[in-house]
Structures are given as structure tokens and as C-alpha cells.
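# Examining the three-dimensional arrangement
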Amino acid sequence: MFDLSTEYYYLNYFDKSFNICSKILQLSIQAKDTTGIAKSYYYMGDSYESTQKDSAYYYYQRAEKLYRILNNNEMISRMLFNKAYILFYDGNYVESEIFVSKALKLLKNSEDIKLIFISYNLIGINFEKLEEYKEALNYYLLAQETLNQFNNNIDYDVKYNYKISTSLNIANIYAKTSQFEKAKEELESILTSDLKEKWPNDYATVIGNLGYVKMKLGSLKEGETLLKEALNLSEKSGIESSIVYKLNNLGELYAITKDTTRSIRYLKESLQLAEKLKSSDDIKTSLQLLSVIDKPNTSYYDKRYIAISDSLTKVQ
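Let me begin by describing the structure that accompanies this report.

What counts as what
- Residues numbered from 1 in each chain as written.
- Predicted model: local features only at pLDDT ≥ 70, side-chain atom pairs only at ≥ 80, totals over all residues.
- Heavy atoms only, no water.
- Helix = DSSP H or I, 4+ residues; strand = E, 2+ residues; numbered from the N terminus.
- Rg over C-alpha atoms; globule rule 2.2 N^0.38 Å.
- Buried < 20%, exposed > 50% of the residue type's maximum accessible area, 1.4 Å probe, protein only.
- Contact = heavy atoms within 4.5 Å.
- Areas by Shrake-Rupley, 256 points an atom, 1.4 Å probe, with all protein chains shown as cover.
- Lys, Arg positive; Asp, Glu negative; His and termini not counted.
- Charge placed at Lys NZ, Arg CZ, Asp CG, Glu CD.
- Expected span 1.5 Å × (residues − 1).
- Arc of directions from axis to C-beta.

The next subject is the overall build of the chain. Scanning the chain for helices and strands turns up 17 helices and 0 strands. Here the C-alpha atoms of the chain give a radius of gyration of 22 Å, agreeing with the 20 Å that 2.2 N^0.38 yields for 316 residues. By its C-alpha atoms, the chain is 70 × 45 × 35 Å across when sized along the principal axes. Counting all 316 residues of the chain, 47% fall into the buried class. Partitioning the contacts of the chain with sequence separation of at least 6, the portion at a separation of at least 24 is 52%. Accessible surface for the chain amounts to roughly 16,900 Å². Of this, 48% is attributable to carbon and sulfur atoms. If you average the places of the 40 positive and of the 42 negative side-chain charges in the chain, the two averages end up 3 Å apart.

What follows is the structure in C-alpha cells.
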């Protein structure tokens, strides 16, 4: 029944997965099987993770309490990570970072390298959001080191994807701390023909970020070419979340070249898409740039930026 629940989960039939888990839970309670009850709650949390994050959090919390009774550190760590992941996507970076730190302490002697890797990565992202860039870079570099410990049982595509995402994160920190040459080196180290052929979405992200870095280094024409190629690839794939920041970067580039009309057009398009996706960070970025570039409407964008920041504070 657990296997059946898992199959439904991977087919995105979350309701069916949850219903199977509910039956397993009742059977586990009847059998007084604490491990089965804990696992049921864990799987029930997973079935809600994409659709109803508060419910997912509730079930992970229940599972964690039982795993503590069972003294199962690896599963306690996984529940802490899952809760941290939910808190991160709610914008509660401080509490998310606390939970991941607790998870990592319990994983000190663990052989679950994948969980250690994603924990380092998540704590790094939390620090990045909190603008603690030195700490963020430390954890991204630890994640990169951990990749070398993956054994041959890990799928090559998964490991390669982790390598790309980690390098992107590291380059992002270099860019945010104005170390653009280092960011360029990191991005160029993963820019291969293999990447373009097998992982076009990752390729679009890499060249998009590289275009931004080139822009910051003063190579505006080269930066524009890369950003436009990245935007076209992302639009073809239909991944809207990856389109937003590319529009923002093009908006910033045209502001530098004094093409204000085109800059505002790209930034307004980005803002509209970010609002559709309810992506608070992207909305704030678009508003910040528009506030500087669209001078007649600066006060309007500033008021909206403050309102968004206040609402995020309330969520936390």
C-alpha cells in the first residue's frame, strides 16, 4: 500500500495518494505499529506539499514527534528539512534556517549524502534571502564538496543537475557581492555543449545569468545577446518562473543603455508575470527597478514595494 501511494504521488494523483495513506494509518493504529503510523503521516504530508502547505506542515510535525519517540535521527532530520522547505516558500527564512541547522546536527554521522546535500543547499538559500552572503557562500561550497561523496547508485542526471544548480547558486552570490569575474568563471565552468543538448532549461538559466554578469562587466552587447537567447528558450519551454528574472535583467540592461521605453516595457511585463505567479521576491525586484527608471511613477512603485514588504513581515 505504501508503494501504491508512492506511485500515485509520482503521477501527481495527490488525493489518491492521501486516501491510501489514510487507510494505512488506520491499519497501523490497529496493529499498534508506531513506525507505520509515523510513515503514514510523513506520506500524508508529502501528498499535501504541493497543494496545501499548512496541512503538509501539520502531518510532518506529527511524523516528527513519533520519529523522536523511535529515536530515528535520519527521519527526524527529514521531517525538519521538510518543515524548513515549507517555511522557506512562505518567506519565513529565519525559522527555516533554524530547522535546517537542527537537521544538519542530527545528520553528522549519516550516510544519507543526498539529504545532507539538499540541507546545505537550503540553508545557503535561506542565508542568501537574508542577505547573509558570506554564510550563504560557505554552505553552497559545502554542498559542492558533498557532491564528490555521492556514490555510483545516484542517477547521473540527478547528480549533474545538482552540480549545475550549486554552481548557479555560487555564481549568484559572487554576482550579489559584485565579484563578477568570479561569477563569470563559475558559470563558464558549467557551460558545455552537453548542457545545451540534454538540459536546455538549465542551459537557458546559465546563459541568462552569464548575460547579466557580462552586462555588469560592461560587455553590454554580449550580455544582451545572451539574455535574449535565454529569454527565447525559456518562453519556448513555457517555464514562467524562469522568464521573470530574465525580463528584469533585460529591463536593467536597457536602463543602462538609456533605452528607457524598452526598459520600462520589459520591467512591466516582468511585474505582471511575477504577480500572476505570486512571487514576492520577483515583484519586489521589478518594483525597485521601475521606481528608479520610471521616474514620473516613482511614488506609486515605492508605496507598492512597502506594502509587499509589510505583507511578508505579517506572514513571518
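Next comes the rest of the account.
Below, the discussion takes up helix 2 (residues 14-30). Over its 17 residues, helix 2 runs 25 Å from end to end, which matches the ideal 24 Å to within 8%, given 1.5 Å per residue. Burial in helix 2 covers these residues: Phe14, Ser17, Phe18, Ile20, Cys21, Ile24, Leu25 and Ser28. All buried residues of helix 2 fall inside an arc of 160 degrees around its axis, so they share one side. The exposed residues of helix 2 that point more than 90 degrees off its buried face are Asp15, Lys23 and Gln30. Against the buried residues of helix 2 lie helix 1 (2-10), helix 3 (34-48) and helix 4 (53-69). At the C-terminal side of helix 2, lysine 32 shows a positive phi close to 55 degrees.

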